[in-house]
Amino acid sequence: MWLKVLIVLLFLAVLVSLSSALFFLLRDMGAPQSKRTLYALGIRISLAALLLLAIWYGFESGTLSNTAPWANKY
């Protein structure tokens, strides 16, 4: 159960980081030396990598499973 909570929290953190990057992009339009957008997107990439690792771990450990009807057809 803790893994599913971690996955949801990481997904929400990715969304927050993406929205903050958009906010910084719109706010710092006239300041090309500002790197806040770049830092926010870097954090988003790190969080997305952690999210993918958590999902991979869930499938490998058997905590997560695929119950789609087309899962074993291909």
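In case you missed it, the structure is sitting above this.
Residues numbered from 1 in each chain as written. Predicted model: local features only at pLDDT ≥ 70, side-chain atom pairs only at ≥ 80, totals over all residues. Heavy atoms only, no water.

Colleague: How would you sum up the side chain of T37? Please name residues and give values.
Modeller: With respect to the secondary-structure elements, T37 resides in helix α2 (residues 36-61). A distance of 3.2 Å separates the side chain of T37 from the backbone nitrogen of L25, its partner in a polar contact. When sequence neighbours within four positions are dropped, the list of residues in contact with T37 reads A21, F24 and L25. (Helix = DSSP H or I, 4+ residues; strand = E, 2+ residues; numbered from the N terminus. Polar contact = N/O pair within 3.5 Å; in protein donor to acceptor, adjacent residues only side chain to side chain. Contact = heavy atoms within 4.5 Å.)

Colleague: So what's going on with the pattern of salt bridges? Residues and values would help.
Modeller: A side chain of one charge can pair with a side chain of the opposite charge when the charged atoms of the two come close. Summed over all chains, the structure comprises 1 salt bridge. A salt bridge links D28 to R36, with the nearest nitrogen and oxygen atoms 2.8 Å apart. (Salt bridge = Lys/Arg side-chain N within 4 Å of Asp/Glu carboxyl O.)

Colleague: Hey, could you go over α2 for me, with residue numbers and the actual values?
Modeller: Between the first and last C-alpha of α2 there are 37 Å, a value that for 26 residues agrees with the 38 Å anticipated at 1.5 Å per step. Within the span of α2, buried status applies to T37, A40, L47, L51, A54 and G58. At its buried positions, α2 is contacted by α1 (2-27). G62 sits one or two positions beyond α2 and adopts a positive phi of about 90°. (Expected span 1.5 Å × (residues − 1). Buried < 20%, exposed > 50% of the residue type's maximum accessible area, 1.4 Å probe, protein only.)

The quantities given are spatial measurements derived from coordinates; they are silent on function.
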